[in-house]
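Remarks on the overall topology
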Amino acid sequence: MSVTAEKFQISEGGARFLASPRNMLIGNEWTAPASNRYFDVENPASGEVIAHVAEGAKEDIDGAVRAARRAFESGSWPRMSASERGRLLWKLADLLEDRAQEFAELETLDNGKPLTVSKAVDVPLAVDLFRYMAGWATKLEGSTIPVSVPYAQGAEFLAYTLREPVGVVGQIIPWNFPLLMAAWKLGPALASGCTVVLKPAEQTPLSALHLGELILQAGYPEGVVNIVPGFGETAGAALAAHPDVDKVAFTGSTEVGKLIVKAAGESNLKKVTLELGGKSPNIVFADADLKAAVPGAANAIFFNHGQCCCAGSRLYVHRSVFDQVIDGVAERAKQMSVGQGFDPQSEMGPLVSHDQLTCVCSYLEQGSREGARAIVGGKRIGDRGYFVEPTVLVDTQPGMKVVDEEIFGPVVTAMPFDDPDEIAAVANDTIYGLAAAVWTKDISMAHKLARRLKAGSVWINCYNVFDAALPFGGYKQSGWGREMGRAALDLYTEIKAVTIQL
Ligand code: NAI
Ligand code: MG
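Let me begin by describing the structure that accompanies this report.

What counts, and where the lines are drawn
Residues numbered from 1 in each chain as written. Chains lettered and ligands numbered in written order. Predicted model: local features only at pLDDT ≥ 70, side-chain atom pairs only at ≥ 80, totals over all residues. Heavy atoms only, no water. Phe/Tyr/Trp six-rings, centres within 6.5 Å; stacked < 30°, edge-to-face > 60°. Helix = DSSP H or I, 4+ residues; strand = E, 2+ residues; numbered from the N terminus. Buried < 20%, exposed > 50% of the residue type's maximum accessible area, 1.4 Å probe, protein only. Salt bridge = Lys/Arg side-chain N within 4 Å of Asp/Glu carboxyl O. Near = heavy atom within 4 Å. Polar contact = N/O pair within 3.5 Å; in protein donor to acceptor, adjacent residues only side chain to side chain. Areas by Shrake-Rupley, 256 points an atom, 1.4 Å probe, with all protein chains shown as cover. Nonpolar A, V, L, I, M, F, W, Y, C, P; charged D, E, K, R; others polar. Pairing = 2+ DSSP bridges. Axes fitted to C-alpha atoms, helices over the stretch in contact; angles between N-to-C directions. Parallel < 35°, antiparallel > 145°, perpendicular 65-115°, else oblique. Contact = heavy atoms within 4.5 Å.

1. Focus: the packing of aromatic side chains
Going through the model one piece at a time under the given rule, you end up with 11 aromatic pairs. Taken together, a centroid distance of 5.4 Å and an interplanar angle of 85 degrees make the contact between W175 and F408 edge-to-face. With W175 in the loop between strand 6 (168-172) and helix 6 (178-191) and F408 in the loop between helix 13 (401-404) and strand 15 (411-417), this residue pair connects regions lying 233 residues apart in the sequence. W175 gets classed as buried once you look at its relative accessible area, which sits at 11%. With a relative accessible area of 15%, F408 lands in the buried category.

2. Considerations on the pattern of salt bridges
Inspection of the entire model under this criterion finds 25 salt bridges. Across the pair E164 and K496 runs a salt bridge, and its minimum N-O distance is 3.0 Å. Of this pair, E164 sits in strand 5 (residues 157-165) while K496 sits in strand 19 (residues 493-501), and the two are 332 residues apart along the sequence. For K334, the salt bridge is made with E331, and the minimal N-O distance between the two is 3.9 Å. Here E331 and K334 lie together in helix 11 (residues 322-335), a separation of 3 residues that amounts to about one turn. K334 sits in the partly exposed class, given a relative accessible area of 44%. Assessed through its relative accessible area of 36%, E331 is described here as partly exposed. Because the salt bridges share partners, they merge into one network encompassing R69, E73, D244 and D246.

3. Let's talk about the site of ligand 1
What surrounds ligand 1 is a group of 26 residues, the closest being I173, W175, E202, S253 and E406. Within the side chain of W175, an N or O atom sits 2.6 Å from an oxygen atom of ligand 1. The separation between an oxygen atom of ligand 1 and a polar side-chain atom of N176 is 3.3 Å. Within the complex, the protein chains bury 87% of what would otherwise be the 810 Å² of accessible surface of ligand 1. Where the shell around ligand 1 is concerned, the elements lending two or more residues are helix 8 (232-241), strand 9 (247-251) and helix 9 (254-266). Partitioning the shell around ligand 1 into residue classes produces 14 nonpolar, 8 polar and 4 charged.

4. Focus on the sheet that holds strand 14 (residues 391-394)
Read from one edge to the other, the open sheet built from 7 strands follows the order 13-14-15-12-11-16-17, with strand pairing classed as mixed. Edge strands, defined here as strands with exactly one partner in the open sheet, are strand 13 (373-376) and strand 17 (457-460). Pairs of neighbouring strands in the sheet enclose a mean axial angle of 25 degrees, with direction left out of account. By the bridge criterion, 3 bridges tie strand 14 to strand 15 in an arrangement that is parallel. Paired with T391 across the bridge in strand 15 is V411.

5. Regarding the packing of helix 4 (residues 100-111) against helix 6
Any two packed helices are characterised by how steeply their axes cross, that is the angle between the axes, and by the distance between the axes. Between helix 4 and helix 6, the least distance of the axes is 9 Å, while the angle of their chain directions is 115 degrees. With respect to helix 6, the axis of helix 4 lies roughly perpendicular. For the pair formed by helix 4 and helix 6, the contact residues are F103, E107 and N111 on the first element and P178, L179 and L180 on the second. Its residues placed into classes, the contact of helix 4 with helix 6 shows 4 nonpolar, 1 polar and 1 charged.

Dropping the structure here:
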């Protein structure tokens, strides 16, 4: 493991974007914040400031919600033909694809992830999500329903349902996949005819704001998409508590998810969807193809530096192959090239912020106090940027913080198991339920376990496989509702029952 810190190179479009302070997008105008305050955005590989971004707060959120409300009620968006709405989503995908390199560079600069990953994963998945949702715009149908109405003998009715957009939606997103999370949120909202106020994370506001430029270029009507960067406690809280927002969709910590629910309840009982934390079990059986399971287990935890809500952070391995698997994952960790994201060799970048570094390091210290042993990794790398060693902890057990709590860093706790019949209960022994994985050649056992695991996604002989068509979300305290797929659209629409007496 070594950290490289060469200077980054970014293309002209990105450089131009960074050169001046970035304002908020409200009613299709780039608008200065009411406070006239701008916050620093830094490169987590070096701690250097790379941009200044408008610090939106309550007044700005109010303005953005008014713009979104006007766009919704004037009908410029919800009553635009579904085909035209779909075409605008497709156009956004095309514009994003044309500028994939520039967006990948901004993402790497802002979040720290390797450019190879931004280019291969974040941007293409965002493009694909917009295209997938573009197709849905014309397919959100109601149904005709035979009704019997027992107290109206002899009367005839025609009854049908309309599927209508829920209204003005507030969307609050995190920093681990900044552009992709914006796409997951905007795609279904726009396909179903909602208007949006999007608040990117304060650590990584750049790609969402840059996307705002493409939204203008594509020709979206005024106020359909509003983007207000700012801090959680101010801008985010104002959005969640706003009495004229019909739904809030949030991705982030379980702790803040609970605050969102409270704010929604205390204001106007707006609809809430939540995609929260996880502590996902990754289970390797004795008969698994270890040539796939070992790199799979490493990828499950080290991808995106462990900053994934679905990271495979609890690795359960059958005792008969435990040493072999753990040594293999540790070897992979040792070989990983950790460095700034613009280095083409780099497989893992820095954590996103100093706060996140402190948080992950304090888990590592706590783990070691509680008796966990790092067979590889276990500490920060260097003192510039927020790099942490990919870490495998053994001698861990339930009750330890490192086993029970989401670390959100490149740290896996590995535990052997003996009885395959008991592993579902062990895997489910968590407050979370976002994802789980099973590695085995026994297909019957794999399918049985897939049913027993309390998680929104179960991967068999793979990990981190995402698709715009597949619903993603959590059981238990990992959230409410689903992102992507048809399931996401249901949560951006209301169903209206219309009954006519004939
Ligand atoms: P966070 O939950 O505080 O931040 C996520 C988003 O919520 C950001 O846009 C933030 O500005 C906003 N926010 C924060 N406080 C808010 C409030 N009171 N009202 C409305 N919006 C608010 O997450 P943070 O502090 O960045 O990370 C802490 C931990 O959360 C991580 O260590 C990780 O465990 C978890 N996390 C989970 C994510 C996921 O994908 N499910 C993503 C990011 C963090
Ligand atoms: Mg927070």
